[in-house]
Amino acid sequence: MFKESLPENIINEISNLSNTSLLFLLEHIYNLIMKSERDIYLNNNDDYANGYEKRGLGTPVGKMNLSVARTRNSIFRPQILPDKYQRDTDEKINLIKSLLTTNYNPNDIAKILKNIGLSYSVNDMKKITSELLDDFKKWNSRPIPQDLIAVYIDGYQAPINYDNNVIKATTFTVIGIDFKGKKDIYGIYTYKGKENKEFWLNVFNDLNNRGLKRFVFIITDDFKGLNEPIEQLFPNSKRQLCIVHLIRNAKRNLSKEHYDLFKKTIDSIKKASNIKEGINMFDKLLDELEPHYKSYINYLRKNTQYYLNFLLFPEELRFIFCTTNIVESFNSILDKIRCQKGGFFQSENILHVNIYIRYLNLYKKWKNGYPKLIPQLYYLRQIFVNIFGELPYEN
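Computed from a predicted structure; not experimentally measured. (Residues numbered from 1 in each chain as written. Predicted model: local features only at pLDDT ≥ 70, side-chain atom pairs only at ≥ 80, totals over all residues. Heavy atoms only, no water.)

Novice: Help me understand the state of the cysteines, please; the structure alone is not making it clear to me.
Specialist: A disulfide bridge is the covalent bond that connects two cysteines by way of their sulfur atoms. On inspection of all chains with the given rule, the structure shows zero disulfides. Cys242 carries a free sulfur, and the closest cysteine sulfur to it, the one in Cys322, is 7.3 Å from it. Given a relative accessible area of 6%, Cys322 falls into the buried group. (Disulfide = S-S within 2.5 Å. Buried < 20%, exposed > 50% of the residue type's maximum accessible area, 1.4 Å probe, protein only.)

Here it is, written out as structure tokens:
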């Protein structure tokens, strides 16, 4: 995993991180290295692991709050730490960056380590590097909450190099909002070719096996093969098709005059007093357009409920549950990185490294919850009770 050289776009991405986000990333890497150092030490000494102790460490980018790996006899001390009461140096911070931005060549990194007084062997570096890379994989398979308010899924299509053959693949990102009002990424699934029922069954089975059992809403585009897996594994959840995608598709399928009418009607529907009123307004619009676009209008009639389920929520919450914008904004960040150098990702693993780095950067922004959602959490729990007959399980 992640054997390829990382391209300059990732190097630039890490170099351009703010001090706050870089500090968070460095804390994460330091903790992993210290744990790996202890594992190496315990393999060669008659000693035992003894938890962790908190320690602050000053660096050129700010103070890190670390969990320092300990052993029972207290002889072990991670080499990566400077002497007590000393701050870390620019050289060492740049070394940690290089673990993320170079080709992970153990010999080259061992030379850098030796120059700043750290005596890791090549084999030690291979183990530490392996620990770092395994953490990316563990993140994408970690346990997730049992009950969520909403699940959002959207696809990001980009050229990726597979064995010197650049082809387009789609990476589907699953973002959820829990009953504390917090957003999180719960799954990354990259797929070559057109999505189908089998692909979506694998996605939802993975989410289910990692803990997800129930959610009120799922917001997606109209992906092929998606309906049946949702109905099979999450039969009580409400499905919402993205309104933004609906409007984009209407612009492609309708004349300018009819598109203007369509968009104006959708804007009015968003303010409907309830879903019944919204459906009546939509039906009247489709009646007017049907003589001109029979095939397209037939598709919209079949999916009316899916497009308007967001009207089940009060008006102040509808903007959150009617689009996949939460995922699309994340995908736009990845696209900027892709465009910086070369226009494609040099491997699927490199794409996943980008996603993970961006996640670490965003995590602190997301941890306080969605401000406009938090005052409505009681109401959302009651919606959950009406659907599932009991309050959501909250870890």
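Now, onward.
Novice: What exactly am I supposed to notice about the side chain of Arg318 here?
Specialist: On the secondary structure map, Arg318 appears in helix 13 (residues 315-321). It turns out Arg318 is buried and unbridged, and the closest side chain with the opposite charge, Glu315, is 4.9 Å from it. A polar atom in the side chain of Arg318 sits 2.8 Å from the backbone oxygen of Phe313. Setting aside its immediate chain neighbours within four residues, Arg318 contacts Ile269, Lys270, Lys271, Ala272, Ser273, Asn274, Phe310, Leu311 and Phe313. (Helix = DSSP H or I, 4+ residues; strand = E, 2+ residues; numbered from the N terminus. Lys, Arg positive; Asp, Glu negative; His and termini not counted. Salt bridge = Lys/Arg side-chain N within 4 Å of Asp/Glu carboxyl O. Polar contact = N/O pair within 3.5 Å; in protein donor to acceptor, adjacent residues only side chain to side chain. Contact = heavy atoms within 4.5 Å.)

Novice: What is the right way to look at the sheet that holds strand 7 (residues 238-241) in this model?
Specialist: Whether parallel or antiparallel, the strands of a sheet pair through hydrogen bonds between backbone atoms. On the basis of which strands lie adjacent, the open sheet formed by five strands has the order 5-4-3-6-7 and mixed pairing. Only two strands of the sheet have a single partner each, and these edge strands are strand 5 (183-192) and strand 7. Direction aside, the axes of adjacent strands within the sheet are offset by 25 degrees on average. Looking at chain direction, strand 3 (residues 147-162) and strand 4 (residues 165-177) are connected through 13 bridges and run antiparallel. In the sheet register, Asp154 faces strand 4, and the bridge partner there is Thr173. Of the strands in this sheet, strand 3, strand 4, strand 5 and strand 6 (214-220) touch helix 6 (residues 197-209), which is tilted by about 150 degrees from strand 5. Lying over the sheet, helix 16 (residues 377-388) contacts strand 3 and strand 6, oriented at roughly 105 degrees with respect to strand 6. (Pairing = 2+ DSSP bridges. Axes fitted to C-alpha atoms, helices over the stretch in contact; angles between N-to-C directions.)

Novice: Honestly, the packing of aromatic side chains in this entry has me stumped. Any pointers?
Specialist: Here the distance between the centres and the angle between the planes together describe a pair of aromatic rings. If you walk through the whole model with that rule in mind, you get 18 aromatic pairs. Taking 5.2 Å as the distance between ring centres and 45 degrees as the angle between the ring planes, the aromatic pair formed by Phe172 and Phe199 counts as tilted. A residue pair is termed long-range when its members are at least 10 positions apart, and Phe172 in strand 4 and Phe199 in helix 6 qualify at 27 residues. Comparing Phe172 with Phe199 shows no difference in burial state: the two are buried. (Phe/Tyr/Trp six-rings, centres within 6.5 Å; stacked < 30°, edge-to-face > 60°.)

Novice: Which parts of the structure should I look at to understand unusual backbone geometry?
Specialist: Across the chain, the bulk of peptide bonds are trans and the bulk of non-glycine residues have phi less than zero. Here Asp163, not a glycine, exhibits a phi torsion of approximately 50 degrees, which is positive. The residue Asp163 is located in the loop between strand 3 and strand 4 in this model. You can call Asp163 exposed: its relative accessible area is 77%. Not every positive phi belongs to a glycine, and Asn164 is a case in point at roughly 65 degrees.

Novice: What is the right way to read the side chain of Thr171 from this model?
Specialist: With respect to the element layout, Thr171 can be found in strand 4. In terms of polar contacts, Thr171 uses its side chain to reach the side chain of Thr190, at 2.8 Å. Residues within four places of Thr171 in sequence aside, it is in contact with Asp154, Gly155, Tyr156, Ile188, Tyr189, Thr190, Leu351 and Ile355.

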